[in-house]
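Structural characterization, general
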Amino acid sequence: MAATLRIQSDWSRALSRDEGEAWLSCRSPGKATLYGSVTRRGLSSDGVPDIVASEGFLVGEVTKKSILISCPHENVSTKFLAPYTSFCRIHQKSITCLDISSGGGLGVSTSTDGTMKIWQAANGEIRRLLEGHVYDVNCCRFFPSGLVVLSGGMDAQLKIWSAEDASCVVTFKGHKGGILDTAIVDRGRNVLSCSRDGTARLWDCGQSSCLGTIADCGSPVNGIAVGTADSSLNLGSPESPPSEREVGTEGKILLLAREDKKLQGVGLQSRQPVFLFIGSDAFNCCTFLSSTYILAGTQDGNIYQLDLRNTNAPIQVIHRSGAPVLSLLPYRDGFIASQGN
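Residues numbered from 1 in each chain as written. Predicted model: local features only at pLDDT ≥ 70, side-chain atom pairs only at ≥ 80, totals over all residues. Heavy atoms only, no water.

Naming follows an unreviewed UniProt entry, where the chain appears as PAAF1 factor of Emberiza fucata. In its Sequence similarities (unreviewed entry) section, UniProt records this for the chain: "Belongs to the WD repeat PAAF1/RPN14 family." (UniProt positions renumbered as here; feature names shortened; annotations may be inferred.)

This is the structure we're talking about:
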């Protein structure tokens, strides 16, 4: 397991003034944590901060928005990026889920303050308050159009909202436990949800009806992802002809991140199991990197990369800290992971 280099979360603010200081730590499993600091001594002639590190740490490349720090003793280095911008007034408590519209103009987010809001991505100005769920809202995402939002809550309800006037246009009922994640099939005529009740369900937006239970796991399903499968993958055949209301399910595979330490793949149209992989702890999230490669994150901090053509053993297991992996997002040639630390 690799060492983890950390810098205090508000480091960019701490170093934004002359003689500012931020704290460092480098933790390697089974060893004592190394502590240090970085200090800003002023600005260079081209406006870049002049930053030095305390003994045991080295400062590499520094820009106005990033700093590269290494710990030679543990042979680890990390580039820290400052926020491009920060919005402090959208929610009063922790943000539990957020999404940005396809055009980049709007954001939607949910919070432990009990609210779900739509806001301008450019300046954080709140545009709409989406009210209608009972209890906490766990997940939210834009449809590809950017004009409609899908949400799921602890009230076991799945809702579709207009981003233009905040009206709730559809409510789906059928789950017996809180909804923990959602996914949208193609352009959004069908959507998917997973729940604490252990099921993943497919819904028809046009008729506000459930088209079927894709999987019944007997354990809470914490996260799902839908993607187009590689043509070499056998997704199975449906036991009966699919409903004409199913749109875009053919050739798709649904990933299920389960509480019982299992990551499962199911043919979306066939409802047939494709693979079952057992991890080190509860799976919290999953995503596709391509039609053959997937990622999944666990409660004990592991990120598994798997090849769908052979899931007997992972391609790699990434472990940067023991904090839960809460979300995964493909980005350029890699991915972004958020953890609970």
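When its secondary structure is counted, the chain shows 1 helix and 29 strands. By its C-alpha atoms, the chain is 70 × 50 × 30 Å across when sized along the principal axes. A total of 341 residues make up the chain; the buried ones form 48% of that total. Of the contacts made within the chain by residues no fewer than 6 positions apart, 39% connect residues no fewer than 24 positions apart. For the chain, the exposed area adds up to about 17,000 Å²; of that, 47% sits on carbon and sulfur atoms. (Helix = DSSP H or I, 4+ residues; strand = E, 2+ residues; numbered from the N terminus. Buried < 20%, exposed > 50% of the residue type's maximum accessible area, 1.4 Å probe, protein only. Contact = heavy atoms within 4.5 Å. Areas by Shrake-Rupley, 256 points an atom, 1.4 Å probe, with all protein chains shown as cover.)

Attention now goes to the domain arrangement of the chain. Under the domain assignment used here, the chain contains domain 1 (4-81) and domain 2 (176-339). For domain 1 and domain 2, the distance between their C-alpha centres works out to 38 Å. (Domains from an automatic or database assignment.)

Moving on to the environment of Lys79. If you trace the backbone, Lys79 turns up in strand S7 (residues 76-81). Lys79 has contacts with Glu61, Ser66, Ile67 and Leu68, leaving out every residue within four places of it along the chain.

Moving on to the state of the cysteines. Note on terminology: disulfide describes a covalent bond linking the sulfur atoms of two cysteines. Evaluated as defined, the whole model comprises 0 disulfides. Looking at Cys71, it has no disulfide partner, and the nearest cysteine sulfur is the one in Cys26, 3.8 Å off. No disulfide involves Cys210; its sulfur sits 12 Å from that of Cys205, the nearest cysteine. When its relative accessible area of 34% is taken as the criterion, Cys210 is described as partly exposed. (Disulfide = S-S within 2.5 Å.)

Attention now moves to the pairing of S7. Across the two faces of S7 the burial differs, with Val76, Thr78 and Phe80 buried and Ser77, Lys79 and Leu81 not buried at all. Summarising the sheet, strand S6 (residues 66-71) and S7 pair through 6 bridges and their orientation is antiparallel. Counterpart to Ser70 in the pairing with S7 is Ser77. The antiparallel hairpin formed by S6 and S7 contains 4 residues in its connecting segment, where Asn75 sits at a positive phi of about 55°. (Pairing = 2+ DSSP bridges.)

Here the focus is the UniProt feature "repeat: WD" (unreviewed entry) in the chain. The UniProt entry lists residues 88-129, 130-171 and 172-204 under the feature "repeat: WD" (unreviewed entry), expressed in the numbering used here. Secondary structure across residues 88-129 divides into 0% helix and 50% strand, with the first and last C-alpha atoms of the span separated by 16 Å. The span residues 172-204 is 0% helical and 64% strand by assignment, and the distance between its end C-alpha atoms comes to 9 Å.

Attention shifts here to the side chain of Ser101. As for its placement among the helices and strands, Ser101 is situated in the loop between strand S8 (95-100) and strand S9 (106-111). If we ignore the near neighbours within four places in the chain, the residues touching Ser101 are Leu106, Phe142 and Gly146.

This part takes up the packing of aromatic side chains. Tallied over the full model, the rule gives 5 aromatic pairs. Ring geometry for Phe87 and Trp119: centres 5.8 Å apart, planes at 65°, overall edge-to-face. Taken together, the residues span a long stretch of sequence, with Phe87 in the loop between S7 and S8 and Trp119 in strand S10 (residues 116-120) at a distance of 32 residues. Look at Phe87 and you get partly exposed, because its relative accessible area is 29%. Trp119 gets classed as buried once you look at its relative accessible area, which sits at 7%. One aromatic cluster in this structure is built from Phe277, Phe283 and Tyr304. (Phe/Tyr/Trp six-rings, centres within 6.5 Å; stacked < 30°, edge-to-face > 60°.)

Side chains of Ile95, Leu98 and Ile100 sit close together on the surface and give an oily, nonpolar patch of about 270 Å² of accessible area. Summarising the element assignment, Ile95 is placed in strand S8. (Patch = residues over 30% accessible without salt bridge, like charges linked within 9 Å, V, L, I, M, F, W, Y side chains within 5 Å. Salt bridge = Lys/Arg side-chain N within 4 Å of Asp/Glu carboxyl O.)

Let's shift gears to the sheet that holds strand S17 (residues 190-195). A sheet is described by the order of its strands in space; here 4 strands give the open sequence S16-S17-S18-S19, paired in antiparallel fashion. The open sheet has two free edges, formed respectively by strand S16 (179-185) and strand S19 (209-216), since each of these has just one partner strand. Each strand axis lies, on average, 20° off the axis of its neighbour in the sheet, ignoring direction. Two strands pair when backbone bridges link them, and S17 and strand S18 (residues 199-204) are joined in this way by 5 bridges, in the antiparallel orientation. Residue pairing in the sheet places Asn190 in a bridge with Asp204 of S18. (Axes fitted to C-alpha atoms, helices over the stretch in contact; angles between N-to-C directions.)

The next thing to look at is unusual backbone geometry. A negative phi angle characterises most non-glycine residues, just as the trans form characterises most peptide bonds. The phi angle at Tyr135 is positive, at roughly 70°, despite the residue not being glycine. With respect to the helices and strands, Tyr135 occurs in the loop between strand S11 (126-129) and strand S12 (137-142). What makes Tyr135 exposed here is its relative accessible area of 63%. Look at Arg271: it is not a glycine, yet its phi comes out positive at around 65°.

This part is about the nonpolar core. Core analysis: the largest hydrophobic core is formed by 25 residues, its most contacted members being Val108, Leu130, Phe172 and Val191. Elements represented by at least two residues in this core include exactly S9, S10, S12, strand S13 (148-153), strand S14 (157-162), strand S15 (168-173) and S16. Take this core: its biggest share by element is 4 residues, from S12. (Core = buried A, V, L, I, M, F, W, Y, C linked by side-chain atoms within 4.5 Å.)

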